[in-house]
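Summary of structural features
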Amino acid sequence: MKNILIILFSLLATAVFSQVYQTHRYELEKKNNDDFFTVLPVGDLGVIIYRDTDKYKKGNVLHMVSLDTTLTERWSTELSIDTKLEFKGFDITRSKMYLLFRDGQYEKNDYHLMAISVLDGEVTRYDIKNEIALELSHMAVLEDGLILAGYVNLSPTLVSYKFGEQSFEVVQGFFKDRSNVVDLRDNGNSTFNVITLEKDYVGSLVRLRTYSYDGELLFEREVKMDERYHILSAKSSGFIDGNIIVAGTYGMSKSYYSSGLYIAVVKPAGQDNIVKFHNFFALEHFFDYMKPKRAARIKAKMKRKSEKGKDVHYSSRLLLHEVRKSKDGYLLAAEIFDPDYITHSRPGIDNGFASQEEIERRNRAAQRYSKQPSKIHNVDDASSFEYLESIVVGLNKSGDVIWDNSLKIKEVETYALDQIVQVAEHDRQLSMLYRAEETINFKTVQQSETIEEGEEPLKLKNEGEKIVHTYRGAGRSEYWYDNNFIVWGYHKIDSEVETLDRRNVLYINKVVFK
């Protein structure tokens, strides 16, 4: 009787607190020699899928598929791409996806832009004249055109293109030589932000500029940083209560390891900016990914240093992904990672060399210019990245930490630094989710309190099926819209049912928090 009651209470608890549902699944067959797909959410308009093919029809052929929010195919098409065109990056905004190509390998070559409608697949092509030797680092599509950021002879440079025009125009503004472009952000209101990291005689400074879509400088501020710290990254928000929020990571001296997070409330000219630095010791949940004994030793050591009046810092690799407005102030989301500089041998791979499929995925990842971190992270030579933990930090409007939480990351490896754990706020709760090898791992928190945490096996299409192989390093999770996410990747699936064959598929699962 006691055991029956325990089982009953367990079932009731699951019924009351379970919040994660996999409501739809889409599959697309992947043959062994097929290139890998890229899957992109487009808010409540659906999902776009694209990949190169080995076909040739007066040019290379790009396969594209559009899905609605039930993961039902809206359209599927093949687009011919001139063999001279070299893929340089993509962006997706509002109801269109944009693919950017350069006409050859030289930086002064002309560009070609393709705009594909998510709803009907209509394609608009733009040929863009170019005479600027721009080493491309960032890309953003605005409502009326395209912005590219990069370097000309080591000097940061912006160029703009208005849809329908003939050529690029240089966006005016003085950029200090050998400074770093670390953020290019479309604000969604026909303006965009650019952040550069610069050095002066004292230390680091962050320079924020906001432009109109036609390149007019609307706002510019220097944010002076504490000379003790080495600024590693910066992300900006749109205007929040008349200010722009800039956040990032910092290290000690010239280290590429992070020692904490900073936040700057950048105010209009004539008002003092607010800049706050928070080392990892100030966060309650930062060390949760460690074994308890190790975390306790580190915290005790840092506490002893603090009590003696010494500087307290712990160094880690941290990539900041988001800074945005929250109900109480601002929200930061970041992830702890380890770069791997050696390609490990795997079954069927000799002497540590990467397989062709890994090389292709790595090359594809390296072309996501608008998603790449700053060169200042010093991970360009890394062969892959292992992720350890995602942290979320809530701050008030003065930049002070009021709460933090975390989610340990297991079994995730990628070939380019990217956001693994996706975050969504609903009511006064926050949901965190990522796809591991064959599970969906999630956590729902209310500030520092954990409401629910768990793992769900990936739901397959048919009863009696099982996953017999997962392609590592391919696929991920994405925030979609409202309380909806997608997780995607590649599986080899077998079945106990005679009528269902073993198959290799790209899969996409819709995940809903309720």
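Here's a quick rundown of the structure. (Residues numbered from 1 in each chain as written. Predicted model: local features only at pLDDT ≥ 70, side-chain atom pairs only at ≥ 80, totals over all residues. Heavy atoms only, no water.)

Our next topic: the overall build of the protein chain. Along the backbone of the protein chain there are three helices and 35 strands. Taken across its 514 residues, the protein chain has 54% of its residues classed as buried. Put simply, of all contacts in the protein chain between residues at least 6 apart along the chain, 53% involve residues at least 24 apart. Only carbon and sulfur atoms are counted for the fraction: they give 47% of the accessible area of the protein chain, which is about 24,400 Å². (Helix = DSSP H or I, 4+ residues; strand = E, 2+ residues; numbered from the N terminus. Buried < 20%, exposed > 50% of the residue type's maximum accessible area, 1.4 Å probe, protein only. Contact = heavy atoms within 4.5 Å. Areas by Shrake-Rupley, 256 points an atom, 1.4 Å probe, with all protein chains shown as cover.)

Attention now moves to the side chain of Thr 470. Mapped onto the elements of the fold, Thr 470 is located in strand β32 (residues 465–470). A polar contact is formed between the side chain of Thr 470 and the side chain of Glu 438, at a distance of 3.3 Å. If sequence neighbours within four positions are ignored, Thr 470 has contacts with Glu 437, Glu 438, Tyr 490 and His 491. (Polar contact = N/O pair within 3.5 Å; in protein donor to acceptor, adjacent residues only side chain to side chain.)

Pairing in this open sheet of four strands is antiparallel, and the strands run β6-β7-β8-β9 from one edge to the other. Edge positions in the open sheet fall to β6 (85–93) and β9 (123–128), since each of these has one partner strand only. The average undirected angle you get between the axes of adjacent strands in this sheet is 20 degrees. Pairing geometry for strand β8 (residues 111–117) and β9, over six bridges, is antiparallel. Note that in β9 the partner of Met 114 across the bridge is Arg 125. (Pairing = 2+ DSSP bridges. Axes fitted to C-alpha atoms, helices over the stretch in contact; angles between N-to-C directions.)

Geometric descriptors of this kind do not, in isolation, establish any biological role.
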